[in-house]
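Listed below are the residues making up each chain.
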Amino acid sequence: QPGQFLSGTIRTLKDQYFYRLPISQPGTYTIETLPPDERTDTHCTLLQGTSVLASDDDSGHNRHCRINRVLSQGEYTLQIKGAAFRSRLAKGGAFRVTVRLIKPSRENLPTLDVHQTLSHHLRSHQDVHSYRLPITQSGFYTIETHGPSPETDTMCLLFFQGKQIAFDEDGGSRLHCRIYSHLNPGDYIVRIRTSLGSRRFGPYQITARRSNSLFPSVRILPPAQTRSPSLALDSSAIPALNMGQFVQNELKSTVDQHSYRIRITTPGTYKIETQGPQSSTDTVCKLFVGNKLFASNDDGGNKLHCKIEIFLENREYLLRVSAGSRRIGKYRLSVSPVLVSHTARPTRPLILDQSLRGEIKTRHDIDSYSLKITRPGRYRIETQPPEQDTDTVCKIIQAGRIIAQDDDGGRKRHCRIDVRLSNGDYTIQIQGATSRWSGKLHRAGRYRVLARSLDAPPSTLPPSTPPPSTLPPSTLPPSTPPSSMSGFALQPGQRLQAMRVEQQRLDVYILQIPTHGSYRIETDGVMDTKCYLDDAQGSLVAVDDDHGQGANCRIFTRLNSGFYRLRVLVRFVGRTEPYGLTLGR
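Q: If you had to explain the overall build of the chain to someone new, which residues and values would you point to?
A: Summing up its helical and strand segments, the chain has 0 helices and 44 strands in all. The buried share of the chain, reckoned over its 585 residues, is 46%. Relative to all contacts within the chain whose residues are 6 or more apart in sequence, the contacts with residues 24 or more apart total 72%. Surface summary for the chain: the accessible area is close to 28000 Å², and the carbon and sulfur share equals 48%.

Right, here's the structure in full:
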């Protein structure tokens, strides 16, 4: 039950705990394991029926797992097992598992209408207040907190369709937050909480209002112009920051924001930073593409100055410089290209289900791969070991536009993107993850990049093959290696050793289930497998990828008596090895 703690102990790699999770109130839930044993390495899998909704390893405390997921009303199944490393148990021990409701569903949130003021009170760091903000007309909007207590330290976060699109801290009056952004019609979520590290709790009021100017609270002080009280919607009113040019300006209050246009004509890595003449000036840099935040930094430069070092494409960007604290004063702003000592790496073709090796040595290394999609569907692009600690970032680019990116969504620190792609040519960029504050590379090392389809492949059984319900059990001994599309029958308690795999192939097996119950179907070995289970009518019952040991598949589901067809897609990832298949209970 949500809020309840249950205990367990993992001693071997085969130990698994299953919990029934009834959800009566829709909302966002956190499912995680906790100490008493700090070193226990757990792996969590959340299922609804036979479908895997989410899985995680090492996202929680120390080596514990954590899943954050929006759940609707219904019943779910939670699986807890020990994490595997090189086909062995990484670290066993005791654990506690709990489920917490983090945020109720949108239907239960209070509504913050435009030009309306609501009051609330922050009493601890755990208090997070969420509001539903309906926008019916496109335009620029201001969302801010204010009195009655000027000492309440608030942080504002704005979300749309589950993604954070704006953030502010201390941008309003005194220690209050203020978000100013262009919003299109739709439902938004505003979250208010106490600033991290602050203990200034208290009451506050939140207001959302529509603004008529582009930046109503922005003060721009170009070197050769006077202060402009307001700006028109035309972006040409914002001064341009040319390459290699120094612009001197002054922040005279904590609400001052200076905006600049940056035009990039040659793609590459650029450095945007503020410097003296006053080293005590605390600046925050935010770089925007259109109305979306692209990069930000605070205190990454000299002393309290900001610095952004990032790869920029051929387009126009908007830079905003604001005060990071009450330490206001003069600053000098510049943008300059970063001279990289090594030559650019050529683009290599990436073929589906065939991995390529790469290596990240410095923060400037960017590996590019070309990917051609000929069949629309869901695809997974990810990096994998040979080195677990390599920290990678993946980007999918089409026609010069980033359509998806990820960091740490795969195994350990590797990236993984699950996305639906249409026919066309795509560019995959792999680079090392860097610190948001210092710009330093987290973990260099080698990796393998792989692109694969997540859709079930079409059945490759020959037309002459009878349906599974009419296939008799095989008379071959269990040790006989099956071949692709052989129709080899497998009964509970049997384990098969497949022949050596030298290229990608699809092996088909017939499963004979004698009685109704729960069954476990899994592969073992070093190959990368994906399992598809069909019933006697040819309908897909379950599918799994990478939930077994290593890159093996594992299906755990309830089956009725009868015949089933199991399709095992064996991917060629640079190794030529056999694999095993087990049907157990």
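Having seen the structure, we can now continue with the description.
Q: Any details on unusual backbone geometry? Residues and values, ideally.
A: Even without being a glycine, histidine 115 presents a positive backbone phi close to 65°. Tracing the backbone through its elements, the reader meets histidine 115 in the loop between strand S10 (93-104) and strand S11 (116-122). Assessed through its relative accessible area of 59%, histidine 115 is described here as exposed. Unusually for a residue other than glycine, aspartate 353 sits at a positive phi of about 65°. Among the secondary structure elements, aspartate 353 is positioned in the loop between strand S27 (348-349) and strand S28 (356-360). Here aspartate 353 falls in the buried class, since its relative accessible area comes to 10%.

Q: A description of the pattern of salt bridges should follow, citing residues and the corresponding values.
A: Any two side chains of opposite charge can pair, given that their charged atoms come close. All told, the structure shown has 19 salt bridges when counted by the stated rule. A salt bridge links arginine 66 to glutamate 32, with the shortest nitrogen-to-oxygen separation between them at 2.8 Å. Linking arginine 66 in strand S6 (residues 66-71) with glutamate 32 in strand S3 (residues 27-34), this pair joins segments that are 34 residues apart in sequence. The exposure class assigned to glutamate 32 is buried, which follows from its relative accessible area of 4%. Put simply, glutamate 522 and arginine 520 hold a salt bridge, and the shortest N to O gap is 2.3 Å.

Q: Tell me what's going on with the sheet that holds strand S15 (residues 163-169), and back it up with residues and numbers.
A: The 4 strands are arranged S12-S17-S14-S15 in an open sheet whose pairing can be described as antiparallel. Each edge of the open sheet is held by one strand with a lone partner, namely strand S12 (128-135) and S15. Ignoring strand direction, the axes of neighbouring strands in this sheet form an average angle of 20°. With 6 bridges joining them, strand S14 (residues 154-160) and strand S17 (residues 186-194) adopt antiparallel strand pairing. The residue of S17 that forms the bridge with phenylalanine 159 is isoleucine 189.

Q: So what's going on with the side chain of glutamate 273? Residues and values would help.
A: Inspection of the secondary structure puts glutamate 273 in strand S21 (residues 268-277). The exposure class assigned to glutamate 273 is buried, which follows from its relative accessible area of 13%. Side chain to side chain, glutamate 273 and glutamine 275 meet in a polar contact 3.0 Å long. With near-sequence residues (within four places) excluded, glutamate 273 lies in contact with Cys306, Lys307, Arg332, Leu333 and Ser334.

Q: Requested: an account of the pairing of strand S26 (residues 329-337), with residues and values cited.
A: In the case of a regular strand, side chains alternate between the two sheet surfaces. Sheet topology places strand S19 (residues 247-251) next to S26; 5 bridges connect them, and they run antiparallel. Looking at S26, one finds that valine 247 is bridged to leucine 333. Relative to S26, S21 is paired through 7 bridges, and the arrangement is antiparallel. Its bridge partner lying in S26, isoleucine 272 is registered against valine 335.

Q: Describe the state of the cysteines, with residues and values.
A: In this structure the tally under the stated criterion is 5 disulfides. With its sulfur 1.7 Å from that of its partner, cysteine 156 forms a disulfide with cysteine 177. Every disulfide takes its handedness from the sign of the S-S torsion; for cysteine 156 and cysteine 177 that torsion is 60°, giving right-handed. Residue cysteine 156 is located in strand S14, and its partner cysteine 177 is located in the loop between S15 and strand S16 (178-183); the two are separated by 21 residues in the primary sequence.

Q: Tell me about the packing of aromatic side chains, and name the residues and values.
A: The final tally for this structure, using the stated rule, is 3 aromatic pairs. Ring geometry for phenylalanine 18 versus phenylalanine 556: centroids 4.9 Å apart, planes at 20°, classification stacked. Of this pair, phenylalanine 18 sits in strand S2 (residues 16-23) while phenylalanine 556 is found in strand S42 (residues 554-559), placing the two residues 538 residues apart along the sequence. On the basis of relative accessible area, phenylalanine 556 is assigned to the partly exposed category, the value being 37%. Ring pairing ties together the aromatic residues Tyr17, Tyr19 and Phe95, which thus form one cluster. In this structure, arginine 320 packs its charged tip against the face of phenylalanine 288, placed 4.5 Å from the ring centre.

Q: Now, about the nonpolar core: what can you tell me, with residues and values included?
A: Among the nonpolar cores identified, the biggest contains 23 residues, and Leu241, Ile272, Leu287, Leu319 and Leu333 are the most heavily contacted of them. Looking at this core, the elements with two or more residues in it are S19, strand S20 (257-263), S21, strand S22 (283-289), strand S24 (307-312), strand S25 (316-323) and S26. Per-element tally for this core: the top contributor is S25, with 4 residues. Here isoleucine 272 is in contact with Ile262, Leu287, Cys306, Lys307, Ile308, Leu319, Leu333, Ser334 and Val335, once residues within four sequence places are set aside.

Q: How would you sum up the confidence of the model for the chain? Please name residues and give values.
A: Overall, the prediction assigns the chain a mean pLDDT of 78, with 83% of residues at 70 or greater. Residue range residues 213-234 is modelled with pLDDT below 50. Its contacts to residues more than four positions away, or to other chains, number 45 contacts. The low-confidence segment residues 458-486 (pLDDT under 50) makes 51 contacts with residues lying over four places distant or belonging to another chain.

Q: Which residues make up the sheet that holds S19, and what values go with them?
A: On the basis of which strands lie adjacent, the open sheet formed by 4 strands has the order S19-S26-S21-S24 and antiparallel pairing. One side of each edge strand has no neighbouring strand; the edge strands of this open sheet are S19 and S24. In this sheet, adjacent strand axes meet at a mean angle of 25° when their direction is disregarded.

Each value, and the rule that gives it
- Residues numbered from 1 in each chain as written.
- Predicted model: local features only at pLDDT ≥ 70, side-chain atom pairs only at ≥ 80, totals over all residues.
- Heavy atoms only, no water.
- Helix = DSSP H or I, 4+ residues; strand = E, 2+ residues; numbered from the N terminus.
- Buried < 20%, exposed > 50% of the residue type's maximum accessible area, 1.4 Å probe, protein only.
- Contact = heavy atoms within 4.5 Å.
- Areas by Shrake-Rupley, 256 points an atom, 1.4 Å probe, with all protein chains shown as cover.
- Salt bridge = Lys/Arg side-chain N within 4 Å of Asp/Glu carboxyl O.
- Pairing = 2+ DSSP bridges.
- Axes fitted to C-alpha atoms, helices over the stretch in contact; angles between N-to-C directions.
- Polar contact = N/O pair within 3.5 Å; in protein donor to acceptor, adjacent residues only side chain to side chain.
- Disulfide = S-S within 2.5 Å.
- Phe/Tyr/Trp six-rings, centres within 6.5 Å; stacked < 30°, edge-to-face > 60°.
- Lys NZ or Arg CZ within 6 Å of the ring centre and 35° of its normal.
- Core = buried A, V, L, I, M, F, W, Y, C linked by side-chain atoms within 4.5 Å.
- pLDDT = per-residue confidence, 0-100.

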